[in-house]
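Letter by letter, the chains look like this.
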Amino acid sequence: MKELKECDYFKTWLLFFLIATVGGGIVGGIIGAFLGGGLGVAGFSMSQVKIVCGIAGLIVGIPISYLTFRFVISKCLLPKLNDDDIPLPA
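Residues numbered from 1 in each chain as written. Predicted model: local features only at pLDDT ≥ 70, side-chain atom pairs only at ≥ 80, totals over all residues. Heavy atoms only, no water.

Caption draft 1: Highlighting the overall build of the protein chain. Helix and strand content of the protein chain: two helices and zero strands. Computed over C-alpha atoms, the radius of gyration of the protein chain comes to 19 Å, more than 25% over the 12 Å expected from 2.2 N^0.38 for 90 residues, which places it beyond the range of a compact globule. Reported as C-alpha extents along the three principal axes, the dimensions of the protein chain are approximately 60 × 25 × 15 Å. Counting across all 90 residues of the protein chain, residues that qualify as buried make up 18%. Taking all contacts inside the protein chain whose residues are at least 6 apart in sequence as the whole, residues at least 24 apart take part in 67%. The average position of the 7 basic charges and that of the 6 acidic charges among the side chains of the protein chain differ by 14 Å. (Helix = DSSP H or I, 4+ residues; strand = E, 2+ residues; numbered from the N terminus. Rg over C-alpha atoms; globule rule 2.2 N^0.38 Å. Buried < 20%, exposed > 50% of the residue type's maximum accessible area, 1.4 Å probe, protein only. Contact = heavy atoms within 4.5 Å. Lys, Arg positive; Asp, Glu negative; His and termini not counted. Charge placed at Lys NZ, Arg CZ, Asp CG, Glu CD.)

Spelled out as structure tokens, the structure:
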């Protein structure tokens with residue numbers, strides 16, 4: 001098994017951070033726009049729209065973060081560790 005350097009961890013974390021932040025921002029913006037527009041048309045107050053959209057953004061961000069984490073780890077760190085003893089996830 002190869003030993004990972006601090007640089008490997010940092011690059012992987014940075015890639016995860018950038019993908020999750022940008023991806024989460026884009027998806028959250030799209031969902032927030034539709035949800036906020038729908039709630040606004042339905043007559044909800046602005047404070048209610050902010051709360052609902054904030055909760056929806058958090059709920060949508062959790063799977064985005066998890067999927068990004070799995071993707072980045074499987075592409076960046078696991079290939080460096082693989083000795084044929086450690087099976088890569090599908």
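Next, the rest of the story.
Caption draft 2: The arrangement of the packing of aromatic side chains in detail. The full count for this structure, using the stated rule, is three aromatic pairs. Centroid distance Trp13 to Phe17: 5.4 Å. Interplanar angle 20°. Geometry classified as stacked. A residue pair is termed a helical-turn pair when its members lie 3 or 4 positions apart in one helix, as Trp13 and Phe17 do in helix α1 (residues 6–41) at four residues. Among the aromatic residues, those joined into a ring-pair cluster are Phe10, Trp13 and Phe17. (Phe/Tyr/Trp six-rings, centres within 6.5 Å; stacked < 30°, edge-to-face > 60°.)

Caption draft 3: How the structure looks around the environment of Ala56. Position of Ala56 relative to the elements: it lies in helix α2 (residues 46–81). On a C-alpha basis, the gap between Ala56 and Gly28 in space is 8.1 Å, while along the polypeptide they are 28 residues apart.

Caption draft 4: How the structure looks around α2. With 36 residues, α2 ought to run about 52 Å at 1.5 Å a step, and its terminal C-alpha atoms sit 50 Å apart, in line with that. At Ser74, α2 shows its maximal bend, which comes to roughly 40°. Buried residues in α2 make contact with α1. (Expected span 1.5 Å × (residues − 1). Bend = angle between axes of the 7 residues up to and from the residue.)

Caption draft 5: Spatial organisation of the pattern of salt bridges. Evaluated as defined, the whole model comprises one salt bridge. With a closest N to O distance of 2.8 Å, Lys80 and Asp8 form a salt bridge. In this pair, Lys80 sits in helix α2 while Asp8 sits in helix α1, placing the two residues 72 residues apart along the sequence. Lys80 sits in the partly exposed class, given a relative accessible area of 34%. On the basis of relative accessible area, Asp8 is assigned to the buried category, the value being 13%. (Salt bridge = Lys/Arg side-chain N within 4 Å of Asp/Glu carboxyl O.)

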